[in-house]
Amino acid sequence: MVLGRLKAKPLLAGQLLCAIAAAALALRQAMPVWDDGAGAMLRALLFGNLLVSAGIVAALVGLAAFHRAWRRRDAYIWHDGATLYRGGGDRWPLALIREVVVAQSELGIASLRLVVDDDSEVTRELVKLYLLADTPEAVRGGVMFAVAGVRGFPSGSVLN
């Protein structure tokens, strides 16, 4: 069951910025040896300024991460009745989730975070709020309803 989707525009903007950064850094690295041929340009890209080469690799990794999130944007947070999944790789057993909270990072970026009962004091980031297409309350309610369903009687189905 899908609990949260991602907005498309920030993911597209991230892909575009990473692609532009990689292309600009590669062009900067290859321009001094442009007239020497393709072999010289490839050597300059790989063995030229190592800091620029590391920037190219970082931009390409960012492009891949944004593209991976783009492919999973319509079903980014989902569960199968026993496990909560985020994206393609991160997962938590529903029985270990105690709470879903909104917290801010050191930079002031708010995100939904999971409080997991695994003897650690660290919360796990579920999703940044600016990427979330649904309201944070809806995603939090969906996760907590799924957790309550695993623990027995779904608390969200009680009428007050």
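Analysis parameters
Residues numbered from 1 in each chain as written. Predicted model: local features only at pLDDT ≥ 70, side-chain atom pairs only at ≥ 80, totals over all residues. Heavy atoms only, no water. Pairing = 2+ DSSP bridges. Helix = DSSP H or I, 4+ residues; strand = E, 2+ residues; numbered from the N terminus. Axes fitted to C-alpha atoms, helices over the stretch in contact; angles between N-to-C directions. Core = buried A, V, L, I, M, F, W, Y, C linked by side-chain atoms within 4.5 Å. Buried < 20%, exposed > 50% of the residue type's maximum accessible area, 1.4 Å probe, protein only. Contact = heavy atoms within 4.5 Å. Polar contact = N/O pair within 3.5 Å; in protein donor to acceptor, adjacent residues only side chain to side chain. Phe/Tyr/Trp six-rings, centres within 6.5 Å; stacked < 30°, edge-to-face > 60°. Lys NZ or Arg CZ within 6 Å of the ring centre and 35° of its normal.

Draft legend 1. Structural context of the sheet that holds strand 7 (residues 124–128). Reading across from one edge, 5-6-7 is the order of the 3 strands in this open sheet, with antiparallel pairing throughout. The sheet is open, and its two borders are formed by strand 5 (97–104) and strand 7, each paired with just one other strand. Across the sheet, the axes of successive neighbouring strands diverge by a mean angle of 30 degrees, strand direction being ignored.

Draft legend 2. Up close: the nonpolar core. Residues Ile-77, Leu-84, Leu-114, Leu-126, Val-127 and Val-143 are the most contacted members of the largest nonpolar core, which totals 23 residues. Those elements giving two or more residues to this core turn out to be strand 5, strand 6 (110–116), strand 7 and helix 4 (136–151). Ranked by the residues each element gives to this core, the list is headed by helix 4, at 5 residues. When sequence neighbours within four positions are dropped, the list of residues in contact with Leu-126 reads Tyr-76, Ile-77, Leu-84, Arg-86, Trp-92, Leu-112, Arg-113, Leu-114, Val-139 and Val-143.

Draft legend 3. Representation of the side chain of Gln-29 in the model. As for its position among the elements, Gln-29 is in helix 1 (residues 8–30). Looking at Gln-29, its side chain comes within polar contact range of the main-chain oxygen of Ala-44, at 3.1 Å. Every residue in contact with Gln-29, bar those within four places of it in the chain, is listed here: Ala-44, Leu-45, Gly-48, Asn-49, Val-52 and Ser-53.

Draft legend 4. Molecular detail of the packing of aromatic side chains. All chains considered together, the criterion is met by 1 aromatic pair. Ring geometry for Trp-78 against Tyr-85: centres 4.2 Å apart, planes inclined by 20 degrees, an arrangement best described as stacked. The exposure class of Tyr-85 is buried, given its relative accessible area of 14%. Looking at Arg-73, its charged tip hangs above the ring of Trp-70, at a distance of 3.6 Å from the centre.

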